[in-house]
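These are the residues of each chain, in order.
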Amino acid sequence: MRRRRPRRRGGRGGRGGSEELWMLGLVAAVAFGLIAALLSWLAAHPWVPLLALVAGAGAGWVWLLRRREAARWERVRAQGLRYAVEQLDGLHYNDFEFAVRDLMHRDGCSDAQKVGGRGDNGADVKATDPYGRRWVIQCKHRKAGWSGSAVGTPDLQVLNGTGRQVHGGDVLVMLTNGRFSRPAREFAESQRLHLVDRHLLAQWAGGSRPLWELLRAVPPPRKPTPLS
């Protein structure tokens, strides 16, 4: 019987290795060509990397601001924000609105924002409470506090005309470190507006209870929550 000679595989192995090297070379050539084309295109359009750099820096700056804001609110939460009403008296009316925003945020309104200014349509602070209710707050700061001029009906009429229709509010609040006139109180009661005068403001700002626990006849929650 003839013995079968073992087949030689060295030749096929050599061809396989050369094919792999050829493929690697092709991939490297294509990659080098793409990189060269990209560099050439960037050289012809130098504003592109500059724009990308500016966009990246802007995104980084926004991220840093948000991180700082989150850290600030964590400190507020940990320390418990409090204001004496006399402190509020000494604020500029713009800072007074920021203080009201911060108090709403303290009480769990994570989206509380100050929107007051020219063309605010009767809203200085807007927020959504943990129960899903939308709050629209108009602030009236009085340097003389209770001794200052009383907030009258015309201011409430503006809030009443825009609070629900324009801002979509569920709870409309007129807030002051002063007082309200008698006609203003009567108008607020007839139109389901909520008033926060100096005494109620002192209780809210200097305590730990949220504003919805201090007001009467607040609308029911919009959505069920663990707090409901």
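Up top is the structure.
These notes cover the structure that comes with them.

Procedures and definitions
- Residues numbered from 1 in each chain as written.
- Predicted model: local features only at pLDDT ≥ 70, side-chain atom pairs only at ≥ 80, totals over all residues.
- Heavy atoms only, no water.
- Axes fitted to C-alpha atoms, helices over the stretch in contact; angles between N-to-C directions.
- Helix = DSSP H or I, 4+ residues; strand = E, 2+ residues; numbered from the N terminus.
- Parallel < 35°, antiparallel > 145°, perpendicular 65-115°, else oblique.
- Left-handed = near helix turned anticlockwise from the far one by under 90°.
- Contact = heavy atoms within 4.5 Å.
- Nonpolar A, V, L, I, M, F, W, Y, C, P; charged D, E, K, R; others polar.
- Polar contact = N/O pair within 3.5 Å; in protein donor to acceptor, adjacent residues only side chain to side chain.
- Patch = residues over 30% accessible without salt bridge, like charges linked within 9 Å, V, L, I, M, F, W, Y side chains within 5 Å.
- Areas by Shrake-Rupley, 256 points an atom, 1.4 Å probe, with all protein chains shown as cover.
- Salt bridge = Lys/Arg side-chain N within 4 Å of Asp/Glu carboxyl O.
- Buried < 20%, exposed > 50% of the residue type's maximum accessible area, 1.4 Å probe, protein only.
- Phe/Tyr/Trp six-rings, centres within 6.5 Å; stacked < 30°, edge-to-face > 60°.
- 1 Å grid on protein atoms, 1.4 Å probe; cavity = no way out; pocket = protein on both sides within 12 Å on 5 of 7 lines; lining within 4 Å.
- Points joined across faces, edges and corners; volume = space filled by probe spheres on them.
- Arc of directions from axis to C-beta.
- Core = buried A, V, L, I, M, F, W, Y, C linked by side-chain atoms within 4.5 Å.
- Pairing = 2+ DSSP bridges.
- Right-handed = clockwise from strand over helix to strand, strands pointing away.

**Observations concerning the packing of helix H4 (residues 93-106) against helix H7 (residues 198-206)**
- Remark: H4 packs on H7, axes separated minimally by 10 Å, with the N-to-C direction vectors making an angle of 55°. Viewed along their axes, H4 and H7 adopt a mutual orientation that is oblique. As for how H4 packs across H7, the hand of that crossing is left-handed. For the pair H4 and H7, contact is made by Phe96, Val100, Leu103, Met104 and Arg106 and by Leu201, Trp204 and Ala205, respectively.
- Across the contact of H4 with H7, the residue classes tally to seven nonpolar, no polar and one charged.

**Some points on the side chain of Asp170**
- Within the secondary structure, Asp170 is located in the loop between helix H5 (153-162) and strand S4 (171-176).
- At 2.5 Å, the side chain of Asp170 forms a polar contact with the side chain of Arg222.
- In contact with Asp170, not counting residues within four places along its chain, are Gly132, Arg133, Arg134, Pro219 and Arg222.

**A closer look at a nonpolar patch on the surface**
- Judged by side-chain polarity, Trp22, Met23, Leu26, Val30 and Leu34 come together as a nonpolar surface patch covering roughly 540 Å² of accessible area.
- Mapped onto the elements, Met23 comes out in helix H1 (residues 10-44).
- What makes Met23 partly exposed here is its relative accessible area of 43%.

**A word on the packing of aromatic side chains**
- Counting across every chain of the model gives two aromatic pairs.
- On the basis of an interplanar angle of 85° and a centroid distance of 6.4 Å, the ring pair of Tyr131 and Trp212 is categorised as edge-to-face. You can see Tyr131 sitting in the loop between strand S2 (125-128) and strand S3 (134-140) and its partner Trp212 sitting in the segment after H7, a full 81 residues away along the chain.
- Aromatic side chains Trp135 and Trp212 sit 5.8 Å apart centroid to centroid with 55° between the ring planes, which places their arrangement in the tilted category. Here Trp135, found in strand S3, pairs with Trp212, found in the segment after H7; they are 77 residues apart in sequence, far enough to count as distant.
- Here the aromatic residues Tyr131, Trp135 and Trp212 are joined through ring pairs into a cluster of three or more.

**Observations regarding the layout of surface pockets**
- Its boundaries defined by the atoms lining it, the largest pocket holds a volume of some 520 Å³.
- Around the largest pocket sit 17 residues that line it, and Leu193, His194, Leu195, Leu215 and Arg216 are the ones nearest its centre.
- For the lining of the largest pocket, the secondary structure elements donating two or more residues are helix H6 (182-190) and strand S5 (194-196).
- For the lining of the largest pocket, the element with the highest residue contribution is H6, accounting for three residues.

**A word on H7**
- Along H7, the positions that sit buried rather than exposed are Arg198, Leu200, Leu201, Trp204 and Ala205. Angular distribution of buried residues about the axis of H7 spans 160°; they occupy a single face of the element.
- Buried residues along H7 sit against helix H3 (85-89), H4, S4 and S5.
- By the N-cap criterion, in which a side-chain oxygen at the helix start approaches the backbone nitrogen of a residue two or three places on, H7 is capped by Asp197, the distance to His199 being 3.2 Å.

**Regarding the nonpolar core**
- Met104, Trp135, Leu175 and Trp204 are the most contacted members of the largest nonpolar core, which totals 29 residues.
- At the level of elements, H4, S2, S3, S4 and H7 are the ones that each hand at least two residues to this core.
- No other element matches H4, which puts five residues into this core.
- The residues touching Trp135, leaving out its near neighbours within four places in the chain, are Met104, Val125, Lys126, Ala127, Asp129, Val171, Val173, Leu211, Trp212, Leu215 and Val218.
- Val136, Ala184, Ala188 and Leu193 belong to the second-largest nonpolar core, a separate cluster that totals 13 residues.

**Notes on the pairing of S3**
- Judged by how many residues are buried, S3 sits mostly within the fold: seven of seven residues are covered.
- The two faces of S3 match: Arg134, Val136, Gln138 and Lys140 on one face and Trp135, Ile137 and Cys139 on the other face are all buried.
- Where S2 and S3 come together, four bridges link them in antiparallel fashion. In the strand pairing of S3, Ala127 is matched with Trp135.
- Between the antiparallel neighbours S2 and S3 lie five residues, among them Gly132 with a positive phi of about 90°.
- Sheet topology note: the S3/S4 ladder contains six bridges and is parallel. Considered in S4, the bridge of Ile137 is made with Val173.
- Once the chain exits S3 it traverses H5 before rejoining the sheet at S4, and the crossover so formed is right-handed.

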